[in-house]
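Fold and geometry: a report
As a plain string of letters, each chain reads:
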Amino acid sequence: MKINWGTGIVIAFALFISFILFFVFRVQSNSKYDNELVVEEYYKHDAKFGDEMQKIQNAANLPEKPTIEVDTEGIKIVFPERFIPQQIKGKVSFYRPSAKKLDFEIPLQLNQTSLLIPKRDFAGGRWDITMSWNYNNIDYISKKIVYIN
């Protein structure tokens, strides 16, 4: 049986479409490729954007800012000495862009000017850290992106 060029083009298109559909179904059905939203209730989150920007600006206006550092022991959050640790309240959110299941939050209640989160609590890769905190009835937000090996 001889195949002309028109039939060859139709067969090539059919094979290409089958190839693409195979990978689409494979990715959609495999739990390894998690297709989830970045933020739950996106519109509610977006409505609070102005308040969040004010808190970020409050943190930027500080003469001495808290630092978020990665060292061999883990992630260390250090507040300047002028802050009274017992008056700092808030939370630290750890967001993993590639896997929502790894996200977690810890309360920010200090007895000293630093807080260490052990390295064993983190999978390797990128982490977005958002520290929402209050000191002297002023709200602040500090953000940092870190990479854990």
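Every value quoted in this text rests on a predicted model; they were computed, and no experiment measured them.

Rules used in this analysis
Residues numbered from 1 in each chain as written. Predicted model: local features only at pLDDT ≥ 70, side-chain atom pairs only at ≥ 80, totals over all residues. Heavy atoms only, no water. Phe/Tyr/Trp six-rings, centres within 6.5 Å; stacked < 30°, edge-to-face > 60°. Buried < 20%, exposed > 50% of the residue type's maximum accessible area, 1.4 Å probe, protein only. Helix = DSSP H or I, 4+ residues; strand = E, 2+ residues; numbered from the N terminus. Pairing = 2+ DSSP bridges. Axes fitted to C-alpha atoms, helices over the stretch in contact; angles between N-to-C directions. Expected span 1.5 Å × (residues − 1). Arc of directions from axis to C-beta. Salt bridge = Lys/Arg side-chain N within 4 Å of Asp/Glu carboxyl O.

**Considerations on the packing of aromatic side chains**
Considering all chains together, one arrives at 12 aromatic pairs under this definition. Ring geometry for Phe79 and Phe83: centres 5.8 Å apart, planes at 75 degrees, overall edge-to-face. With respect to burial, Phe79 and Phe83 carry one shared label: buried. Here the aromatic rings of Phe83 and Trp133 are separated by 5.7 Å at their centres, their planes lie at 80 degrees, and the arrangement is edge-to-face. Pair noted here: Phe83 is in the loop between strand S2 (74–78) and strand S3 (89–95) and Trp133 is in strand S6 (residues 125–135), with a separation of 50 residues, a long-range link. With respect to class, Phe83 is no different from Trp133; both count as buried. Linked through ring pairs, Phe79, Phe83, Trp133, Tyr135 and Tyr140 together constitute an aromatic cluster.

**Considerations on the sheet that holds strand S1 (residues 67–70)**
Spatial strand order, S1-S2-S5: 3 strands in an open sheet with antiparallel pairing. Each of the sheet's edge strands pairs with one partner strand only, and the pair in question is S1 and strand S5 (114–118). Taking the axes of each pair of neighbouring strands and ignoring which way they run, one obtains an average angle of 15 degrees across the sheet.

**What about helix H3 (residues 49–60)?**
An ideal rise of 1.5 Å per residue puts 16 Å on 12 residues; H3 measures up with 16 Å between its terminal C-alpha atoms. Listing the buried residues of H3 in full gives Glu52, Asn58 and Ala59. All buried residues of H3 lie within an arc of 115 degrees about the axis, which places them on one face of the element.

**Thoughts on the pattern of salt bridges**
For the structure shown, the criterion picks out 4 salt bridges. Across the pair Glu52 and Lys143 runs a salt bridge, and its minimum N-O distance is 2.7 Å. Residue Glu52 is located in helix H3, and its partner Lys143 is located in strand S7 (residues 138–148); the two are separated by 91 residues in the primary sequence. Here Arg126 makes a salt bridge to Asp128, at a shortest N to O gap of 2.8 Å. Exposure remark for Arg126: the relative accessible area of 33% places this residue in the partly exposed category.

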